Amino acid sequence: MKLVIAVIQPDRLDEVLDRLLEKEIHLVTVTDVLGRGRQKGIAEVYRSHTEAGSLLKKVRLEIAVNEEFVRPTVDAITAGARTGQVGDGKIFILEMAECIRIRTGETGRMAIG
Amino acid sequence: MSRAGGLLSKVLSGSVLLALIPGLARAGEAVAASPIPKIDTGDTAWVLMSAALVLLMTPGLAFFYGGLVRRKNVLSLLMQCFMIACLITLQWVLFGYSLAFGPDWKGIIGDLSWAGLRGVGGAPNGDYAATIPHSTFMIFQAMFAIITPGLIIGAFAERMKFSSFAVFSLLWATLVYDPICHWVWGVGGFLRGAGALDFAGGTVVHINAGVAALASALVLGKRLGYPQRISPPHSLPLAVLGAGLLWFGWFGFNAGSALGANGLASGAFVATHIAAAAAGFGWAGLDWFFAKRPTMLGMITGAVAGLVAITPAAGFVTPMGAIWIGLGASVFCYLMVSLAKAKLGYDDTLDAFGVHGIGGIWGALATGLFASKAINPAGADGLFFGNPGLFLVQLKAVTVTVVYSFVVSYILLKVVDFTMGLRVSQQDEQIGLDLTQHRESGYTVLQ
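Note that the coordinates shown come from a computational prediction; the quantities given were computed from them, not determined experimentally.

Engineer: Explanation requested: the overall build of chain A in the structure shown.
Structural biologist: When helices and strands are tallied, chain A shows three helices and six strands. Going from N to C terminus, chain A has its helices and strands arranged as β-α-β-β-β-β-α-β-α. Each of the three principal axes of chain A carries a C-alpha extent, and together these read 55 × 25 × 20 Å.

Shown next, in the form of structure tokens:
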């Protein structure tokens, strides 16, 4: 079991969700986050004071998957989020020790799906 | 003249009994035409309504300011504005109104004979407004006394102790606002006597508050992390709502200052609206040109600057004059806020000086340029209508206000700083004023 964490540009979220659905990956948690990479975002200007914007708005996805779904998940995220510009984001894949479905108490492979 | 006004006059003249006898009714009418001050219901309705409009500007200002600060300080701004509304109302009733408008003492201040609103009732005061109850004039003016210290909040936002803020505001209202109000508007006030024109409070309200704001920014110093690590406005929509309420309320501020429902009020209403539109448009254009995009914050800042600038001039200028005053306000305030402030390095958090101080000074001087007797025979002609003298009188009123307001505000701030401290602790400033000063949060994270 793996936990896939992706940090992507907010405007790519809909595309990524569509691609995940195409691969039958339904379960995903999405949060608004702030982050910093190498790229510069769209500078905001307030009364002519330009905000350097050291932290940029991003979207973070968390997806728990069984081994055979790791590749399709990464492919879907990459296909949906890639524009070729600096700042498209990153994908992290972590080992996941356990997964428990609260309603039934099921664990492991069964609980993820 | 209205029925109620006529009836009141008859009561005053004791002619009601006579009027009961048919043949003598006409005699009663004749007595009613005597110069006894007579209430006009239309005028009274408009000024009461205007007072409510001006009151609404203070919560409007709270939203305008509240939207522009960081989310951890939003309540502190709303709270300070509401505190001002409550605190200054009591001050005004107890002694403020009497100091500002009461019987004159040497052209400097009113005496205390109207303290507690003694004798300020339903009968008109012919010196100020002959056709509305004295209490109507008083409550209309109360709303100005409230919003003026409210404007200063913009300069010391996000770092002032609430207790010190309350003490400073009370002292400032009493020792700065009330005297200047008396000089310019009070019968016997020395600037009123000099012929300075201030239709609705450009000098008394905006220059006064704007200059005090500059003093506050200088005495309190910059916020932690200014200018590099200050987050952008936490809610521009809230600020836009506030600006909308300010624009709306300003019709009461300016058109209400005609103190009657008449052509002068209508002219002031029209000029007010035109100047706000011209300045909002102007600022957006400047943003577009210099920063490559027109900004929402720029447009509302411009509109407010235009409203500030037209305030002293509203009842004295033509519609075309109002356009020039509005456009001028956008240019001068833009230069101050965008270029000069950054160079000078002081932290006027929400540009209370840049907008109200600079806009107010421009408006007062522009009144000396664009005023025309053709618009208001009770006014004067400005420089562009062949009378350079008015411009000099306006310059004098501006200078006196700037100097007095700055010096006394500076001293009051230093006194409060010395006795109780003006700023919150560094840690409290980082946590935010909402939690540290009020034990509340503007927004919940979980539901």
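Engineer: Is there a simple way to explain the overall build of chain B in this structure?
Structural biologist: Each helix and strand counted, chain B has 17 helices and two strands in total. Relative to the compact-globule value of 22 Å for 447 residues, chain B shows a C-alpha radius of gyration of 23 Å, a close match. Here the C-alpha coordinates of chain B stretch approximately 85 × 50 × 45 Å along the principal axes. Among the 447 residues that make up chain B, the fraction classed as buried is 56%. Look at the contacts in chain B between residues 6 or more apart in sequence, and 74% of them connect residues 24 or more apart.

Engineer: I'm lost on the nonpolar core in this one. Help?
Structural biologist: Burial of nonpolar side chains together is a common tendency in soluble globular proteins. Core analysis: the biggest nonpolar cluster contains 149 residues, and Ala275(B) and Ala313(B) have the highest contact counts within it. Top element by residues in this core is helix H6 (residues 134-156) of chain B. It accounts for 15 residues. Beyond its immediate stretch of four places on either side in the chain, Ala313(B) contacts Phe199(B), Ala271(B), Ile325(B), Gly363(B), Ala366(B), Thr367(B), Phe370(B) and Ala371(B). Core analysis: the second largest hydrophobic core is formed by 13 residues, Ala6(A), Ile8(A), Ile63(A) and Ala76(A) among them.

Engineer: Please explain the domain arrangement of chain B as it appears in this structure.
Structural biologist: How big an interface is tends to be expressed through the accessible area that disappears when the partners come together. When the domains of chain B are assigned, the result is domain 1 (3-32) and domain 2 (53-438). The distance between the C-alpha centroids of domain 1 of chain B and domain 2 of chain B comes to 45 Å.

Engineer: Help me understand the interface of chain B and chain A in this model?
Structural biologist: Listed per partner, the contact involves 13 residues of chain B and seven residues of chain A. Of all the secondary-structure elements, those providing two or more residues to the side of chain B that touches chain A are helix H12 (296-310) and helix H13 (319-344) of chain B. With three residues, the top contributor of residues to the side of chain B that touches chain A is H12(B). Its residues placed into classes, the side of chain B that touches chain A shows seven nonpolar, four polar and two charged.

Engineer: Is there a simple way to explain the sheet that holds strand S1 (residues 2-8) of chain A in this structure?
Structural biologist: Sheet strands pair by backbone hydrogen bonding; their relative direction is either parallel or antiparallel. Residues and elements named next belong to chain A. Here we have four strands laid out as an open sheet, ordered S2-S5-S1-S6, and antiparallel in their pairing. Each of the sheet's edge strands pairs with one partner strand only, and the pair in question is strand S2 (29-35) and strand S6 (89-95). Each strand axis lies, on average, 20° off the axis of its neighbour in the sheet, ignoring direction. The pairing of S1 with S6 spans seven bridges and is classified as antiparallel. Bridge pairing in S6 links leucine 3 to leucine 94.

Engineer: Just checking my understanding: could you explain the confidence of the model for chain B for this structure?
Structural biologist: Any region with low pLDDT has predicted coordinates that should not be read closely. Within chain B, residue pLDDT values average 91, and 91% of them lie at 70 or more. Here residues 1-34 of chain B is a poorly scored stretch, pLDDT under 50, and it has 35 contacts once near neighbours within four places are set aside; other chains count.

Engineer: Where do I start with H6(B) in this structure?
Structural biologist: Residues spaced three or four apart along an α-helix face the same direction, because each turn holds 3.6 residues. With 23 residues, H6(B) extends 35 Å between its outermost C-alpha atoms, agreeing within 8% with the 33 Å of an ideal straight helix rising 1.5 Å per residue. Among the 23 residues in H6(B), 22 count as buried, and that is most of the element.

Engineer: I keep staring at the pairing of strand S5 (residues 56-65) of chain A and nothing clicks. Help me out?
Structural biologist: Within a regular strand, the side chains alternate between the two sheet faces. Residues and elements named next belong to chain A. Pairing of S1 with S5, which is carried by seven bridges, proceeds in the antiparallel orientation. By the bridge assignment, isoleucine 5 is partnered in S5 with glutamate 62. For S2 and S5, the ladder comprises seven bridges, and the chain directions are antiparallel. Each bridged residue has a counterpart across the sheet, and for glycine 35 the counterpart in S5 is leucine 56.

Engineer: Mind showing me how you'd approach the environment of Ala364(B) here?
Structural biologist: Residue and element names in this part refer to chain B. Along the polypeptide, alanine 364 turns up in helix H14 (residues 352-370). The class for alanine 364 is buried, based on 26 C-beta atoms found within 10 Å. In this structure alanine 364 touches Asp198, Gly202, Thr203, Ile207, Pro312, Gln394, Ala397 and Val398, once residues within four positions along its chain are discounted.

Engineer: Sorry, what's going on with H14(B) here?
Structural biologist: Here H14(B) is 19 residues long and its end C-alpha atoms lie 25 Å apart, about the 27 Å a rise of 1.5 Å per residue gives. Within H14(B), 19 of the 19 residues are buried, which leaves the element mostly enclosed by the surrounding structure.

Engineer: I would appreciate a short explanation of the packing of H12(B) against H14(B) in the present structure.
Structural biologist: All names here are of chain B. One way to put it is that H12 packs onto H14 with a least axis distance of 7 Å and a crossing angle of 40°. One element, H12, and the other, H14, form an angle in the oblique class. Where H12 crosses over H14, the handedness of that crossing is right-handed. For the pair H12 and H14, the contacting residues are Thr301, Val304, Ala305, Val308, Ala309 and Ile310 in the first and Val355, His356, Gly359, Gly360, Trp362, Gly363 and Ala366 in the second. A breakdown of the residues in the contact of H12 with H14 according to their chemical character gives eight nonpolar, five polar and no charged.

Engineer: How should I be thinking about the packing of helix H7 (residues 162-185) of chain B against helix H9 (residues 202-220) of chain B in this particular structure?
Structural biologist: Think of two packed helices as two axes; the pair is described by the angle between the axes and how far apart they sit. All names here are of chain B. The geometry of H7 relative to H9 is characterised by a closest axis approach of 10 Å and an angle of 145° between their N-to-C directions. Crossing geometry of H7 relative to H9 is assigned as right-handed. Contacts from Trp172, Val176, Tyr177, Ile180, Cys181, Val184 and Trp185 of H7 reach H9 at Thr203, Val204, Asn208 and Ala212. Grouping the constituent residues of the contact of H7 with H9 by class yields nine nonpolar, two polar and no charged.

Engineer: Got a minute to help me understand unusual backbone geometry in this structure?
Structural biologist: The bulk of non-glycine residues show a negative phi, and the bulk of peptide bonds are trans. Residues and elements named next belong to chain B. Cis geometry marks the peptide bond from tyrosine 226 to proline 227, where omega comes out at 0°. In this structure, proline 227 sits in the loop between H9 and helix H10 (236-255). Backbone geometry at leucine 117 places phi at a positive 60°, although glycine is not the residue there. Its place among the elements puts leucine 117 in the loop between strand S2 (109-110) and H6. Positive phi, normally seen in glycine, also occurs at leucine 259, with a value near 60°. Among the structural elements, leucine 259 can be located in the loop between H10 and helix H11 (263-290). Residue leucine 259 is classed as buried on the basis of its C-beta count, with 21 C-beta atoms lying within 10 Å.

Engineer: I keep staring at the environment of Arg229(B) and nothing clicks. Help me out?
Structural biologist: Residue and element names in this part refer to chain B. Secondary-structure assignment places arginine 229 in the loop between H9 and H10. Taking the number of C-beta atoms within 10 Å as the measure of exposure, arginine 229 has 10 and is therefore exposed. C-alpha separation for the pair arginine 229 and serine 338, spaced 109 residues apart in sequence, amounts to 18 Å.

Engineer: Whenever I open this one, the environment of Leu264(B) confuses me. Can you help?
Structural biologist: All names here are of chain B. Within the secondary structure layout, leucine 264 lies in helix H11. The class of leucine 264 is buried, set by 22 C-beta atoms lying within 10 Å. Residues leucine 264 and asparagine 376, spaced 112 residues apart in sequence, show a C-alpha to C-alpha distance of 7.3 Å. Once residues within four sequence positions are removed from consideration, leucine 264 is found in contact with Ala258, Gly315 and Asn376.

Conventions we followed
Throughout this description, residue numbers start from 1 for each chain and increase along the sequence as written. A letter from A marks each chain and a number from 1 marks each ligand, given out in the order of writing. The model is predicted, so local features are restricted to residues of pLDDT at least 70 and side-chain atom pairs to those at 80 or more, both for listing and for counting; the totals for chains, interfaces and linings are taken over all residues. Each helix is a run of H or I in the DSSP string that is no shorter than four residues. Each strand is a run of E no shorter than two, and both are numbered from the N terminus. What the globule rule says is 2.2 Å times the number of residues to the power 0.38, and the radius of gyration is computed from C-alpha atoms. The exposure label follows from counting other C-beta atoms within 10 Å of a residue's C-beta, where the C-beta atoms are placed from the backbone and the thresholds are 20 or more for buried and 12 or fewer for exposed, leaving partly exposed in between. It is the C-beta atoms, placed from the backbone, that decide contacts: two residues are in contact if theirs lie within 7 Å. Each nonpolar core consists of buried Ala, Val, Leu, Ile, Met, Phe, Trp, Tyr and Cys residues. Their C-beta atoms, within 7 Å, join them into a set. Segmentation of the chain into domains, including their bounds, is taken from an automatic or database domain assignment. Three classes are used, and their members are as follows: Ala, Val, Leu, Ile, Met, Phe, Trp, Tyr, Cys and Pro are nonpolar, Asp, Glu, Lys and Arg are charged, and the others, Gly among them, are polar. At least two DSSP bridges between two strands are needed for those strands to be called paired. With axes taken as lines fitted to C-alpha atoms, and helix axes fitted only over the stretch in contact, angles between N-to-C directions fall between 0 and 180 degrees. pLDDT is a residue-level measure of predictor confidence that goes from 0 to 100. Expected helix span is computed as 1.5 Å times (number of residues minus one). To sort the angles, those under 35 degrees are grouped as roughly parallel, those over 145 as roughly antiparallel, those from 65 to 115 as roughly perpendicular, and the leftovers as oblique. Note: crossing handedness is left-handed where the near helix turns anticlockwise from the far helix by less than a right angle, and right-handed where it turns clockwise.

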